[in-house]
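Topology and contacts: notes
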Amino acid sequence: MSTWTSVAEARKESAIGPDVEIRGWVRTRRDSKGGFSFIEVNDGSCFGSLQIVAPGELSNYESEIKRLGAGCSIVAIGRLAASPAKGQATEMQADEIRVLGWADGETYPLQKKRHSFEKLREWAHLRPRTNTFGAVMRVRDSISRSTHDFFHDEGFFYLNTPIITASDCEGAGEMFRVTTLDLDRLAASGKPVNHELDFFDRPAYLTVSGQLNAETYATALGRVYTFGPTFRAENSNTSRHLAEFWMVEPEAAFFDLSDNMALAERYLKRLLRDCLDRCDEDMQFFNQRIQPGILDRLTAVAEAPFRHMTYTDAIEVLEKADAKFEYPVSWGVDLQAEHERYLTEQYVDGPVILTDYPSTIKPFYMRLSDDEKTVAAMDVLVPGVGEIIGGSQREERLDVLTRRMDQAGLNQDDYWWYIDLRRYGTVPHAGFGLGLERVVQYVSGMANIRDVIPFPRTPGNAEF
Ligand code: 4AD
């Protein structure tokens, strides 16, 4: 009886022995003049492949083994031995190889030559079989796993907030409408839209953030976090925006802005340390092929304290900078990618937490400071990616919150339940949102956000 072993395990010397079974996909086959073949097999469990030596004596050697090529799926059974070849601890001497599925070498898109990431997006169903996407997805998994570990270690409860909602948390009007009404037909008929006939009796949307719902549970359970898909109908075709992305949103009662910043820093450092420990081979690959030097940089970031700066100080730095910006800088403007890049790559060369933004460029729920001009906001910016975390201390004072909602043109009736939290046992509280894909970009060095999510949703792209 053979024992099914993952390639990750089989590549370790501890797995050496007879009757090992490997199941996976062929990467390459090379025939030796000595009448046997080397087959590289990967099963996704790790970056590397296992070399399988197929002797010419196998009964299907001529009929099948010599036809194997990239993409074929096989089962190989044999003895795992120490490998004489450089760069691998073990290899398998196969006693039996069964072909499960053929892949026609003429049409299989993933040929040995390197394909551009743009091209690979057209094969979103097959790109996970490439080295790069395997590595990206294992790192993404590590970050998700560390997220749950970290927040549980910090006493947070995992909360599921709704995907369908009536409220626009960010107030930016970037929501996807969810409706059972045939809006096209109604428009063509000229009849007004009657929301009372709609599924939810009111306009409903896909959520842009679980924060408002998370606040209700933070003011009951103390510390909660959400981790789910988030939707933004912003028509931005950039390398860091998706229409559907995953956001981690902790929310904690009795936290102020500095507690919030400290939490964000501990969290990010944990994510980095875990990736460096757990995904060594994948990280080595990113270091060699995607962004040279990234290993040293991330290792340093995981150790050193993050720099803090107020928005006002950042504007001063940018105004004095000897760089040419496309968008001019002055107090009150929203920072653009080029400004974030200057601050994190030229000025600090590492992560920066910017705080105390003008109230006019931030949402209604952020706590107004005594100067009445700024809010207790914090954004974490990192080199290469820009903003990966946005958060704040929340406005817990009823009168200030309702005033800010009026100023933002929001209808208080739509948010009555949110306002109630300030009416009944209000407490200071704070939280933030971290974009999962932006962190994966930061850790892997991948330039485009479309290449760190399995099936990217961007304007015009929802095929797979
Ligand atoms: O700054 P944002 O819009 O904050 C919120 O939604 C808050 N309600 C979060 C909270 O305090 N609970 O988004 C938070 C993060 C950003 O820093 C960014 O990393 C990511 O979400 N993000 C996006 N990621 C990919 N594509 C987009 N279109 C994104 N928009 C925001």
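Residue positions are given per chain, counting from 1 as you read along its sequence in written order. In keeping with the model being predicted, local features are shown solely for residues with a pLDDT of at least 70 and side-chain atom pairs are shown and tallied solely at 80 or more, while totals for entire chains, interfaces and linings include all residues. Side-chain figures throughout are based on the complete set of non-hydrogen atoms in the structure, without hydrogens or water.

**Some points on unusual backbone geometry**
Spelled out, the test is: Runs of H or I in DSSP of at least four residues are treated as helices and runs of E of at least two as strands, each being numbered from the N terminus.
Despite not being glycine, Asp201 shows a phi value in the positive range, around 60 degrees. Inspection of the secondary structure puts Asp201 in the loop between helix H4 (183–189) and strand E10 (204–206). Residues other than glycine seldom take positive phi values, yet Glu372 does so here, at roughly 60 degrees. Summarising the element assignment, Glu372 is placed in the loop between strand E14 (352–358) and strand E15 (374–382).

**Thoughts on the site of the ligand**
Threshold: Consider each residue's heavy atoms; a residue with any of them within 4 Å of a molecule or strand counts as near. Methods summary: accessible areas were calculated by the Shrake-Rupley approach with a probe of 1.4 Å, and residue burial reflects only the protein chains presented. Residue polarity is assigned by list, with Asp, Glu, Lys and Arg as charged and Ala, Val, Leu, Ile, Met, Phe, Trp, Tyr, Cys and Pro as nonpolar; anything else, Gly included, falls into the polar class.
Around the ligand, a shell composed of 24 residues is seen, among which Glu170, Gln211, Glu234, Glu249 and Glu387 lie nearest. Considered on its own, the ligand offers 630 Å² of accessible surface; in the complex 93% of this is hidden by protein. Ranked by residues supplied to the shell around the ligand, first place goes to strand E16 (residues 386–393) with five residues. Here the residues of the shell around the ligand sort into nine nonpolar, seven polar and eight charged.

**What to know about the UniProt feature "domain: Aminoacyl-transfer RNA synthetases class-II family profile" (unreviewed entry) in the protein chain**
Defined as follows: UniProt positions are given in the numbering used here, feature names are shortened, and annotations may be inferred rather than shown by experiment.
Taking the UniProt record as the reference, the feature "domain: Aminoacyl-transfer RNA synthetases class-II family profile" (unreviewed entry) is found at residues 137–454. A helix fraction of 39% and a strand fraction of 20% characterise residues 137–454, whose end C-alpha atoms lie 8 Å from each other.

**Concerning the side chain of His429**
Just so we agree on the cut-off: For each residue, the accessible area found with a 1.4 Å probe, counting protein chains only, is set against the maximum for its type, and the residue is called buried under 20%, exposed over 50%, and partly exposed in between. Throughout this description, a polar contact denotes any pair of N or O atoms lying within 3.5 Å of each other; where both atoms belong to protein, one of them has to be capable of donating a hydrogen while the other can accept it, and for residues adjacent in sequence the pair is counted only when both atoms sit in side chains. By definition in these notes, contact holds between two residues if any of their heavy atoms fall within 4.5 Å.
Here His429 is to be found in strand E17 (residues 429–435). Its relative accessible area of 2% is what places His429 among the buried residues. A polar atom in the side chain of His429 sits 2.7 Å from the side chain of Glu215. Here the side chain of His429 touches Val427 through a polar contact of 3.0 Å, landing on its backbone oxygen. Filtering out sequence-adjacent residues up to four positions away, His429 remains in contact with Glu215, Thr219, Glu251, Ala252, Ala253, Phe254, Phe255, Gln393, Arg394 and Arg422.

**Re the packing of helix H8 (residues 294–301) against helix H13 (residues 436–444)**
Put simply, the test is: Every angle, taken between N-to-C directions, lies between 0 and 180 degrees, and every axis is a line fitted to C-alpha atoms, over only the stretch in contact when it is a helix. Between 65 and 115 degrees an angle is taken as roughly perpendicular, under 35 as roughly parallel, over 145 as roughly antiparallel, and anywhere else as oblique.
For the pair H8 and H13, the least separation of the axes is 9 Å and the interaxial angle reads 120 degrees. By the angle class used here, H8 and H13 are oblique. Judged by residue contacts, Ile294, Leu298 and Val301 of H8 engage Tyr442, Val443 and Ser444 from H13. Split into classes, the residues belonging to the contact of H8 with H13 amount to five nonpolar, one polar and no charged.

**What to know about the sheet that holds E15**
Quick reminder of the rule: In this scheme, strands are said to pair when DSSP sees at least two bridges between them.
The mixed open sheet is built from eight strands, whose spatial order is E7-E11-E12-E17-E16-E15-E14-E13. Either end of the sheet is taken by a strand with one partner, and the two such strands are strand E7 (157–158) and strand E13 (307–310). Note that E13 and E14 share four bridges and pair parallel. Bridge pairing in E14 links His308 to Ile353. Sheet strands in contact with helix H10 (residues 337–347) are E13, E14, E15 and E16, and its direction is about 60 degrees off that of E15. Against the sheet, H13 contacts strand E11 (223–231), strand E12 (244–253), E15, E16 and E17, and its axis sits at roughly 60 degrees relative to E17.

**Re a nonpolar patch on the surface**
What counts, and what does not: What goes into a patch is any residue over 30% in relative accessible area without a salt bridge, connected to like charges within 9 Å or, for nonpolar side chains (Val, Leu, Ile, Met, Phe, Trp, Tyr), within 5 Å. Here, a salt bridge means any side-chain nitrogen of Lys or Arg that lies within 4 Å of a carboxyl oxygen of Asp or Glu.
Together, Ile163, Ile164, Phe199 and Phe200 make up an exposed nonpolar region whose accessible area comes to about 370 Å². Within the element layout of this structure, Ile163 appears in the loop between E7 and strand E8 (164–165). Assessed through its relative accessible area of 34%, Ile163 is described here as partly exposed.

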